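# Geometric and topological summary
Here is how the chains run, residue by residue.
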2 protein chains.
Amino acid sequence: MESDPPADASADSPAAFPASLEVAWGLRDRPHKGPKRGLTLDGIVTAAIAVADAEGIEAVSMSRVAKELGASTMALYRYVATKDELVMLMVDAAIGPPVPLPADATGWRPALEHWATAMRESLLTHLWAIPLVAAHGPPVTPNQLAWLDQSLQALADTGLGYDEKVAVSLLVSGLVRSELSLVALMRQDPAGTAQRLAGYGKFLARVTENGRLPALRAAVTDGAFDDLDADLADEADEFDDFAFGLQRALDGVAAYLGE
Amino acid sequence: MESDPPADASADSPAAFPASLEVAWGLRDRPHKGPKRGLTLDGIVTAAIAVADAEGIEAVSMSRVAKELGASTMALYRYVATKDELVMLMVDAAIGPPVPLPADATGWRPALEHWATAMRESLLTHLWAIPLVAAHGPPVTPNQLAWLDQSLQALADTGLGYDEKVAVSLLVSGLVRSELSLVALMRQDPAGTAQRLAGYGKFLARVTENGRLPALRAAVTDGAFDDLDADLADEADEFDDFAFGLQRALDGVAAYLGE
DNA sequence: CAGTACCGTGTATGCTCTACGCAGTAGCGC
DNA sequence: GCGCTACTGCGTAGAGCATACACGGTACTG
């Protein structure tokens, strides 16, 4: 919108933030001199996500995405400077915009619960994105920053400092991602992993035989890892790591707030 | 092909866990029929880690590691079935064995504090390993399981169930990794990232100009992101996200325990 | 001593990202 | 209306990657 006369957008921080990012933020009014563009950054990202959802992130190559769009491989490089940039935008699109707070979620705690749960569900539909969320440095993409904004809003009335708010946000999102990274690997490759998981208890039993990992051995002989494969079929009455961890984390914040 | 005489170690769980893993656990008594082996799994992993430490994980290729050892690329495949296996073992070696509890750390809380801090410090010396810790499914390598064992030990006297202990462990390790993944990206590429970080505050100011991310905008105008680049030079009185998050998480566990 | 299981290696395949140059297009200043 | 020129998509090509496979040599087993 407003372009400051002397301070051009990308002029102060030279080449620090890629052009595709500016497009993603809608900050790029293209003068459009040459031929009409045949593709869209959105379209490219969408196609790439479709491939990732269907066949996993490792199936996403520049040539594969281009084929999906009926374009040549190199055409994509007119929209994205590098594959990493594309991946960054894929992750942003995968997490999507934050889900608006329901009306009955008043107070920081319900708001944060909503935030964490909604984020978890967004990522659950794009499992490949989980390890990549934090892989591109501090968040710079629209949706990622919108999520951050929502968590800051949730904590707005707590009187916490910004450093503290960000730290709480980090604690909760860390929980989401670490729990999901386990779930993800179980679901992404159900065939292989279920089989592997079925043997996981046995494996742990074998490697703890020598008694050098006593606490783990106790857990194993107690049967803590016996039903992992059953869980995959019947997730009904399974212990919910995520909910438990989330409640502990929020309890900790509540205690800090003197509640 | 492979010939499985009787009940070989890997016969119960067929092909579920790779042979190199058995070697890492010291469960492989090699009959050693052919010529003497010129390399060691340990040596390969050590060389690979040296490359990763010096030049980053992306510099680790099979041929690069082989060159480091004065061997041919394909020689490595006599010790490791796939590059992914090598990476898994690299991560295990990178986190190292858990640091023994100091004598004065009695009770679950000091023990968990020690656990989290020690893990953080281990990973700090091998930043490339951070995104990879959870990338290979549930932990199966010796050191990773030893860390898990230590956390279970820390919680042994709390009366928590194993599910709950594991969930607490996940909460804390999630915090460690998510905080580190930010730190990592700042340090790994100091030149580029410091420059990028210097512009981060300005960038956030620009994209929040339209007022659509009000909480974030408030934080930005409040100067919460202004000193990020200064932090790199002078980390003295910087707010410690990790310590703050850890205390909140442990407070939450304490509350659950009725303490 | 023969058999054979295993070693390290060279070659080859197919994939990846991306640098570069080309020919064609469409808006701008005249 | 007419170049100028910035911009388009594309073909080619190069470097690097993981790894499948076949080969000749080695040292233990029967």
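Each chain has its residues counted from 1, running along the sequence as written. Lettering of chains starts at A and numbering of ligands starts at 1, both following the order in which they are written. Since the coordinates come from a predicted model, pLDDT governs what is reported: local features require at least 70, and pairs of side-chain atoms require 80 or more to be given and counted, while whole-chain, interface and lining totals use all residues. Heavy atoms throughout the structure, all of them, feed into the side-chain values; hydrogens and water do not.

## Some points on the overall build of chain A
In plain terms, the rule: Going along the chain from the N terminus, every DSSP run of H or I of four or more residues is numbered as a helix, and every run of E of two or more is numbered as a strand. Accessible area is worked out with a 1.4 Å probe on protein chains only. A residue is then buried under 20% of its type maximum, exposed over 50%, and partly exposed in between. Contact criterion: two residues are considered in contact whenever any of their non-hydrogen atoms come within 4.5 Å of each other. Each accessible area value is a Shrake-Rupley result obtained with a 1.4 Å probe; residue values ignore everything except the protein chains displayed when judging cover.
Scanning chain A for helices and strands turns up 13 helices and zero strands. Walking chain A from its N terminus toward its C terminus, one meets helices and strands in the order α-α-α-α-α-α-α-α-α-α-α-α-α. Split into buried and exposed, the 259 residues of chain A put 48% on the buried side. Long-range pairs, those at least 24 residues apart, make up 71% of the contacts in chain A with a sequence separation of at least 6. By element, 53% of the accessible surface of chain A is carried by carbon and sulfur atoms, the whole surface being about 12,500 Å².

## Overview of the UniProt feature "DNA-binding region" (unreviewed entry) in chain A
Put simply, the test is: UniProt positions are given in the numbering used here, feature names are shortened, and annotations may be inferred rather than shown by experiment.
Mapped onto the present numbering, the UniProt feature "DNA-binding region" (unreviewed entry) falls on residues 61-80 of chain A. Overall, residues 61-80 of chain A shows 40% helix and 0% strand. The separation of its end C-alpha atoms is 13 Å.

## Things to note about the confidence of the model for chain A
All names here are of chain A. We count it as follows: Confidence of the predictor at the level of single residues is given by pLDDT, which spans 0 to 100.
Here chain A shows a mean pLDDT of 86. Residues at 70 or above account for 83%. The secondary-structure element of chain A with the lowest mean pLDDT is helix 1 (residues 9-12), recorded at 36, while helix 4 (residues 62-69) shows the highest, at 98. Per-residue pLDDT stays below 50 along residues 1-15; that stretch engages in seven contacts with residues further than four places along the chain or on separate chains.

## Looking at the protein's contact with DNA strand D
Quick reminder of the rule: A single heavy atom is enough: if one lies within 4 Å of a molecule or strand, its residue is considered near that molecule or strand. Pairs of N or O atoms within 3.5 Å make up the polar contacts considered here, provided that, within protein, one atom can donate a hydrogen while the other can accept it, and that residues adjacent in sequence are counted only when both atoms are side-chain atoms.
As a structural note, the neighbourhood of DNA strand D is formed by 26 residues, with Arg37, Ser72, Arg78 and Tyr79 of chain A together with Thr82 of chain B the closest of them. Taking all atoms of DNA strand D within 4 Å of the protein, the share assigned to sugar and phosphate is 57%. In this structure, a phosphate oxygen belonging to DNA strand D sits 2.7 Å away from a side-chain N or O atom of Arg37 of chain A. The contact in question runs from a sugar or linking oxygen of DNA strand D to an N or O atom on the backbone of Gly34 of chain B, over 3.4 Å.

## Topic: the environment of Thr106 of chain B
Residue and element names in this part refer to chain B. Mapped onto the secondary structure, Thr106 falls in the loop between helix 4 (83-95) and helix 5 (108-124). Since its relative accessible area comes to 59%, Thr106 is described here as exposed. Separated by 48 residues in sequence, Thr106 and Ala154 have C-alpha atoms that sit 8.9 Å apart.

## Quick notes on the protein's contact with DNA strand C
Definition in use: Following the grouping adopted for this structure description, the nonpolar residues are Ala, Val, Leu, Ile, Met, Phe, Trp, Tyr, Cys and Pro, the charged ones are Asp, Glu, Lys and Arg, and the polar ones are all others, Gly among them.
In the region of DNA strand C, 28 residues are neighbours, and Arg37, Gly38, Ser72, Arg78 and Tyr79 of chain B sit closest. Backbone atoms, meaning sugar and phosphate, form 60% of the atoms of DNA strand C found within 4 Å of the protein. At a separation of 2.8 Å, a phosphate oxygen of DNA strand C approaches a polar side-chain atom of Thr82 of chain A. For DNA strand C, a phosphate oxygen lies 2.7 Å from a polar atom in the backbone of Gly38 of chain B. Among the residues forming the surface near DNA strand C, the class breakdown is ten nonpolar, nine polar and nine charged.

## Let's talk about the interface of chain B and chain A
Where we set the bar: Any carboxyl oxygen of Asp or Glu that lies within 4 Å of a side-chain nitrogen of Lys or Arg is treated as forming a salt bridge with it.
Listed per partner, the contact involves 65 residues of chain B and 65 residues of chain A. Counting the contacts that link chain B with chain A gives two salt bridges. Arg206 of chain B is the salt-bridge partner of Glu22 of chain A, the closest N and O atoms lying 3.1 Å from each other. For the interface between chain B and chain A, the tally reads six residue pairs in polar contact (both at pLDDT 80 or more).

## Observations concerning the packing of helix 4 of chain B against helix 6 (residues 142-154) of chain B
Residues and elements named next belong to chain B. Using the following cut-off: Comment: axis = line fitted to C-alpha atoms, over the contacting stretch for helices; angle = value between 0 and 180 degrees taken between N-to-C directions. Note on terminology: angles under 35 degrees are roughly parallel, angles over 145 are roughly antiparallel, angles of 65 to 115 are roughly perpendicular, and the others are oblique.
Contact geometry for helix 4 and helix 6: axes closest at 7 Å, N-to-C directions at 45 degrees. By the angle between their directions, the pair helix 4 and helix 6 is classed as oblique. Here Val91, Asp92, Ala93 and Ile95 of helix 4 come into contact with helix 6, specifically with Pro142, Asn143, Gln144 and Trp147. Broken down by class, the residue content of the contact of helix 4 with helix 6 amounts to five nonpolar, two polar and one charged.

## Quick notes on helix 4 of chain B
In an α-helix, one turn spans 3.6 residues, which is why side chains three or four residues apart end up on the same side. Residues and elements named next belong to chain B. This is how the line gets drawn: By this rule, a helix spans an expected 1.5 Å times one less than how many residues it contains.
Between its first and last C-alpha, helix 4 extends 19 Å over 13 residues, near the 18 Å set by a 1.5 Å rise per residue. Where burial is concerned, most of helix 4 is hidden: ten out of the 13 residues are buried. All buried positions along helix 4 are accounted for by Glu85, Leu86, Val87, Met88, Leu89, Met90, Val91, Asp92, Ala94 and Ile95. Residues of helix 4 that are buried sit in contact with helix 1 (19-24), helix 2 (41-55), helix 3 (62-69), helix 5 and helix 6. Where helix 4 terminates, the next one or two residues include Gly96, which has phi positive at roughly 65 degrees.

## Let's talk about the nonpolar core
Heads up, the rule is: Residues grouped as a nonpolar core are buried Ala, Val, Leu, Ile, Met, Phe, Trp, Tyr and Cys residues, joined through side-chain atoms within 4.5 Å.
Of all hydrophobic cores here, the largest spans 114 residues; its most connected members are Met90 of chain A together with Met90 of chain B. Apart from residues no more than four positions distant in its own chain, Met90 of chain A is found in contact with Val45, Ala48, Ile49, Ala52, Ile57, Val60 and Trp128 of chain A.

## Focus: the relation of the copies chain B and chain A
For clarity, the threshold we go by: When the copies are superposed, the least-squares fit draws on C-alpha atoms of residues that have pLDDT of at least 70 in both.
By a simple turn and slide, chain B fits onto chain A: the slide is 0.0 Å along the axis, the RMSD is 0.0 Å, and the turn is 180 degrees. Taken together, the rotation and translation relating the two chain copies correspond to the operation of a two-fold axis. Judged by C-alpha distance, Gly252 of chain B is the residue of chain B that lies nearest the rotation axis, at 1.8 Å. A high fraction, 97%, of the interface residues of chain B reappear at the interface in chain A, so the copies pair face to face through one surface.

## Topic: the packing of aromatic side chains
To keep things clear, this is the line we draw: Each Phe, Tyr or Trp ring (for Trp, its six-membered ring) is paired with any other whose centre lies within 6.5 Å, and the angle between the two planes then decides the class: stacked below 30 degrees, edge-to-face above 60, tilted in between. Should the NZ of a Lys or the CZ of an Arg lie within 6 Å of a ring centre and within 35 degrees of the ring normal, that charge is described as sitting over the ring.
Tallied over the entire structure, the rule returns six aromatic pairs over all chains. Judged by centre distance (5.0 Å) and plane angle (90 degrees), the rings of Tyr256 of chain A and Phe244 of chain B are edge-to-face. A residue pair is termed interchain when its members come from two chains, as with Tyr256 of chain A in helix 13 (residues 241-256) and Phe244 of chain B in helix 12 (residues 241-256). Note on Tyr256 of chain A: relative accessible area 36%, which makes it partly exposed. By relative accessible area, which is 7% here, Phe244 of chain B ends up buried. Geometrically, the ring pair formed by Phe239 of chain B and Phe244 of chain B is tilted, given 5.5 Å between the ring centres and 50 degrees between the ring planes. By the ring-pair criterion, three or more aromatic residues cluster together here, those being Phe239 and Phe244 of chain A together with Tyr256 of chain B. It is Arg37 of chain A that lies over the ring of Tyr79 of chain A; its NZ or CZ is 4.1 Å from the centre.

## What about the side chain of Ser122 of chain B?
Residues and elements named next belong to chain B. Looking at the element boundaries, Ser122 is found in helix 5. With relative accessibility at 16%, the residue Ser122 sits in the buried group. When near neighbours in sequence (up to four residues on either side) are disregarded, Ser122 contacts Ala94, Ile95 and Trp147.

## Topic: the pattern of salt bridges
The tally for this structure, following the rule as stated, stands at 14 salt bridges over all chains. With a shortest N-O distance of 2.8 Å, Arg120 of chain B and Glu179 of chain B are connected by a salt bridge. Residue Arg120 of chain B is located in helix 5, and its partner Glu179 of chain B is located in helix 7 (residues 162-188); the two are separated by 59 residues in the primary sequence. Residue class for Glu179 of chain B comes out buried when judged on its relative accessible area of 8%. Within this structure, Arg109, Glu113, Arg248 and Asp251 of chain A form a network of salt bridges that share partners.

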